[in-house]
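# Geometric and topological summary
Chain by chain, the residues run as shown.
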Amino acid sequence: MKDNVFKEIEKKWQERWEELKLYKTVEKPEKKFYLLEMYAYPSGDIHLGHFRNYTLGDVVWRYKKMKGYQIFHPFGWDAFGLPAEQAAITNKASPSKWTHDNIEKSKETLQLLGISYDWEREIATCDPNYYKWTQWLFKKLYEHGLCYRARTFVNWCPDCKTVLANEQVIQGKCWRCDSLVTKKETEQWFIKITDYAERLLNGIEKLDEWPENVKTIQRNWLGKSEGSEIVFKLEKGDVNLPVFTTRSDTIYGVTFIVIAPEHRLLRELLPKTEKRKEVEDYINKSMMKTEIERTDVTREKDGIFTGLYAINPFSEEKVEIWTADYVLSSYGTGVVMAVPAHDQRDFEFAKKYHLHIKIVINPPGEELTVEKMENAYTEPGIMVNSGPFSGMDSVAGIEKTIEYMEEKEIGKRKIAYRIRDWLISRQRYWGAPIPMVHCEKCGTVPVPENHLPVFLPEESKVDFIPKGRSPLADVPEFYYTKCPKCKGKAYRDVDTIDTFLDSSWYYLRYLSPKDNDEIFRKEEAEKWFPVDLYIGGIEHAAGHLIYYRFITMFLYDIGLLPSDEPTIKLFNHGMVLDEKGEVMSKSKGNVVSPRELIEKDGVDVSRVALLFFAPPAREILYQKKGLKGARRFLKRIYRLAKEHLKDYSGMDANTLNKMEYDFYRAVEETICDVTVDIERIDFNTAIASLMELLNRMCAFEEKDAPIFQYAIRKFNLLLAPFAPHLAEELYSWYGKSETIFNETWPTYDENAIKKEEVTIVIQINGKVRSRIVVPANSEEEDIKHLALEEEKIKKYTEGKEIKKFIYVKDKLLNIVL
């Protein structure tokens, strides 16, 4: 067998697929499947992580095609924004040239890999015909009261020299360059995603085929808290200081309140205090700290007394007003009522600064004293020192105090969310210009739809190296314009739109990528929407995947989509690690190009190796030796078919002798196992089953028998999604002239694989915890009962709420807690 035979095969079949237009989207799907992988940042050529991700989708495409689906499988480029611009600056190129060069290079690599994309649907977010519709979407949000401009403290990356949304700050660092993020006060555009917070939260319950960990991340990021807003008043002056709390039962224990250093209310209070200089110095010092420093629970808290007092509306007692950097203006109201006897953080702060501690909840049957308290008492109990509520159970006291504050109009029941409005202004060149004009007479005015897109100025006229303000402000022909309303002098908004708005709707532009008259065609959405399977990394759970759901809901609300959730099933692939165990990424310079692999071993060997390394949901440790096993596996298949493939006219399983029937059963069991594994996206175990069957085929002595010819043909059909080029070649050897992907996926003989007993794998939240042996075809309810009685399982489930069971017949039961 020639060393380069696989490469010769691949070139031949990729040309044939192109002739057949195999990947072209059909106009009228009868059995549709919208398959989507997250599109790529063109900041360089694609690497092994991309190759793995896109191969997962390609396996699904080939399997679904053989199952009779008409598949929509487009691809595109997340070409605007920080990643592409930073790479361009690093490489001393213009963002446009760098981006388009990389798109060309990456596309060529993907085509060398034979990935099943319909390239006629290709998009790039930096194309004016794309960003015209991003600007149109911004305008629609503005028209519906969901876009506004405000002056506020924002996340600032000193290296990227731009603001960041909360979702782009990961553990206090910039999501792109890992620099520590600080705060900066500036005027910015926001999208009111908070108006959709409850709906986004409730919608999670409909996402039955999304991973539980993604749904948990989204619930936590949305962060719903049910409580109340209580209005303290400044002792001298007409200033309201609203606080949000879930523990209104502790209201009589408030001994001070704390305002976030960046809060606008604190600015309002500064002229009223004799300690203005000290407070301003503290504010400035706080703004130099990152959010991760400020919220670090292990750090000793610090703050400063403002010299001012507020009045507790329940007790009418005077309480001190402090500012402290552990309070953030982005959470709750940015003002916190401090109850040191019943909150550990407040307790430590009060001890440090010798502030009053007042007990208002006693444990049942006990009486606390401040002198003996080493920690705050945070559990429920009996209310004391609480006016008319004394003696009441504290849990019941929460509801009673809320009723009281609403009756007295000193507070109200309130639901608060952790998620904040989406900050979308960017002070960079490489993005869609915000389509707004500022006029002294008319104020802020949207650019009319027939004037979209607002084009980026030519790069030759722009110094796009970041300086902390938008470079568009320095381009007179862009900056100065006429007001769309009064035709008087005006100037354009000089910020560009966060690339996350580009990516929130890209999957819809694929529906009609060349349309100049509408964002997408509704009739195409009715054919293909929603996405049936979306493949991408879990790192997008609290960013892109929330924006993606939000914009889908908005487009549904304005009548453009038939339903309000974008994706039926979400699959999170694992990362690819280098041989040192570090995540491969362009920024670390440790990427391996797929071109290196396919030059040496070909596409199919590389695919099989990547798919066999580990389950697709897990990270894989890339090792060159893993390619040897894949190479050996495919060479054995090639040789076996070359030497023993004969004419075949059919086979009757009823005429087989015992040895032949045992072999037949192994073939049927493999068809069953591979089918189940592909449906579950467990491609590594599917390949393992094929390897086992190959061993049986090589050992089977009667290779001229019809049963062997049956087996090798069934094997080839099962191989096709994983090694498509080799499968096509073998398919042509037995006289087929079209493509194996027009064949029907094999079914299995249920009678042949019937077993008296089966072993059921029992998982807890996806991790194997036990196995039980049960009669084949047992009822699902019986298996659930037996599993929950298992001692190994009880220790995980006792006292826990079981959210759901996921059962794969005769194979697996996953208990989701």
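The sections below set out a description of the structure shown in this document.

The rules we used
- Residues numbered from 1 in each chain as written.
- Predicted model: local features only at pLDDT ≥ 70, side-chain atom pairs only at ≥ 80, totals over all residues.
- Heavy atoms only, no water.
- Pairing = 2+ DSSP bridges.
- Helix = DSSP H or I, 4+ residues; strand = E, 2+ residues; numbered from the N terminus.
- Axes fitted to C-alpha atoms, helices over the stretch in contact; angles between N-to-C directions.
- Core = buried A, V, L, I, M, F, W, Y, C linked by side-chain atoms within 4.5 Å.
- Buried < 20%, exposed > 50% of the residue type's maximum accessible area, 1.4 Å probe, protein only.
- Contact = heavy atoms within 4.5 Å.
- Lys, Arg positive; Asp, Glu negative; His and termini not counted.
- Salt bridge = Lys/Arg side-chain N within 4 Å of Asp/Glu carboxyl O.
- Phe/Tyr/Trp six-rings, centres within 6.5 Å; stacked < 30°, edge-to-face > 60°.
- Parallel < 35°, antiparallel > 145°, perpendicular 65-115°, else oblique.
- Nonpolar A, V, L, I, M, F, W, Y, C, P; charged D, E, K, R; others polar.
- Expected span 1.5 Å × (residues − 1).
- Patch = residues over 30% accessible without salt bridge, like charges linked within 9 Å, V, L, I, M, F, W, Y side chains within 5 Å.
- Areas by Shrake-Rupley, 256 points an atom, 1.4 Å probe, with all protein chains shown as cover.
- Charge placed at Lys NZ, Arg CZ, Asp CG, Glu CD.

### Focus: the sheet that holds strand E22 (residues 443-446)
Remark on secondary structure: sheet strands pair via backbone hydrogen bonds, oriented parallel or antiparallel. Read from one edge to the other, the open sheet built from 4 strands follows the order E22-E21-E24-E23, with strand pairing classed as antiparallel. Each edge of the open sheet carries a strand with a single partner, namely E22 and strand E23 (480-482). Across the sheet, the mean angle from the axis of one strand to that of its neighbour is 40 degrees, orientation sign disregarded. Summarising the sheet, strand E21 (residues 436-439) and strand E24 (residues 489-492) pair through 2 bridges and their orientation is antiparallel. Among the inter-strand pairings, His438 is bridged to a residue of E24, identified as Tyr491.

### Observations regarding the nonpolar core
Counting residues in each nonpolar core, the largest one holds 185 residues, and the members touching the most others are Leu110, Leu141, Trp422, Phe633, Leu634, Phe722 and Leu726. Apart from the residues lying within four places of it in its own chain, the contact partners of Phe722 are Val59, Arg607, Val608, Leu611, Val674, Ile678, Phe683, Ala686, Ile687 and Leu690. Core analysis: the next-biggest nonpolar cluster, separate from the first, contains 56 residues, Ile257, Ala260, Leu265 and Tyr377 among them.

### Here's the deal with unusual backbone geometry
Leave glycine aside and you will find that most residues have negative phi; peptide bonds, for their part, are mostly trans. Residue Pro453 is reached from Leu452 by a cis peptide bond, and omega for that bond is 5 degrees. For Pro453, the location among the structural elements is in the loop between E22 and helix H13 (476-479). Even without being a glycine, Asn385 presents a positive backbone phi close to 50 degrees. Here Asn385 is to be found in the loop between strand E17 (382-383) and helix H12 (394-408). Note on Asn385: relative accessible area 48%, which makes it partly exposed.

### Observations concerning the side chain of Asp346
Relative to the helices and strands, Asp346 resides in helix H11 (residues 344-353). Buried and unpaired, Asp346 has no salt bridge, with Arg345 as the nearest side chain of opposite charge at 4.2 Å. Beyond its immediate sequence surroundings of up to four residues, Asp346 is in contact with Phe256, Tyr326, Met337, Ala338, Val339 and Pro340.

### A word on the environment of Lys132
Here Lys132 is to be found in helix H5 (residues 128-143). Its relative accessible area of 16% is what places Lys132 among the buried residues. Taking the C-alpha atoms as reference, Lys132 lies 10.0 Å from Glu518; in sequence the two are 386 residues apart. Dropping the residues within four chain positions of it, Lys132 is found in contact with Leu452, Pro453 and Asn516.

### With respect to the packing of aromatic side chains
In total, this model carries 51 aromatic pairs according to the counting rule given. Ring geometry for Tyr23 versus Trp61: centroids 5.2 Å apart, planes at 90 degrees, classification edge-to-face. Note that Tyr23 is positioned in the loop between helix H1 (5-20) and strand E1 (32-37) and Trp61 in helix H2 (residues 48-66), a separation of 38 residues in sequence. A ring pair is formed by Tyr39 and Tyr506, whose centres lie 3.8 Å apart and whose planes are at 15 degrees; its orientation type is stacked.

### A short note on the packing of helix H20 (residues 625-644) against helix H24 (residues 724-733)
At their nearest, the axes of H20 and H24 sit 11 Å apart, and the two run at 5 degrees to each other. Relative to H24, H20 is oriented roughly parallel. Counting all contacts with H20, which are made through Leu634, Ile637, Tyr638, Ala641 and Lys642, the residues of H24 involved are Leu726, Leu730 and Trp733. A breakdown of the residues in the contact of H20 with H24 according to their chemical character gives 7 nonpolar, no polar and 1 charged.

### Quick word on helix H23 (residues 706-719)
For H23, spanning 14 residues, the distance from its first C-alpha to its last is 20 Å, which sits close to the expected 20 Å at 1.5 Å a residue. In terms of burial, H23 is largely enclosed, as 12 of its 14 residues are buried. Within H23 the residues assigned to the buried category are Ile707, Phe708, Gln709, Tyr710, Ala711, Ile712, Arg713, Phe715, Asn716, Leu717, Leu718 and Leu719. On its buried side, H23 packs onto H2, H20, helix H21 (658-679), helix H22 (683-699) and H24.

### Digging into the sheet that holds strand E32 (residues 804-808)
One open sheet accounts for 4 strands, arranged E31-E30-E33-E32; its pairing is mixed. The open sheet is flanked by strand E31 (767-775) and E32, the only strands paired with a single partner. Across the sheet, the mean angle separating the axes of adjacent strands is 20 degrees when strand polarity is ignored. Bridge analysis of strand E30 (residues 757-764) against E31 gives 8 bridges, and the strand direction is antiparallel. Of the residues in E31, the one forming a bridge with Ile762 is Ser770. Along the sheet, helix H25 (residues 780-789) makes contact with E30, E31, E32 and strand E33 (812-816), crossing E31 at roughly 125 degrees.

### Focus on a negative patch on the surface
A contiguous patch of negative charge, built from Asp517, Glu518, Glu523 and Glu526, is present on the exposed surface. By the element assignment, Asp517 lies in the loop between helix H15 (506-509) and helix H16 (522-528).

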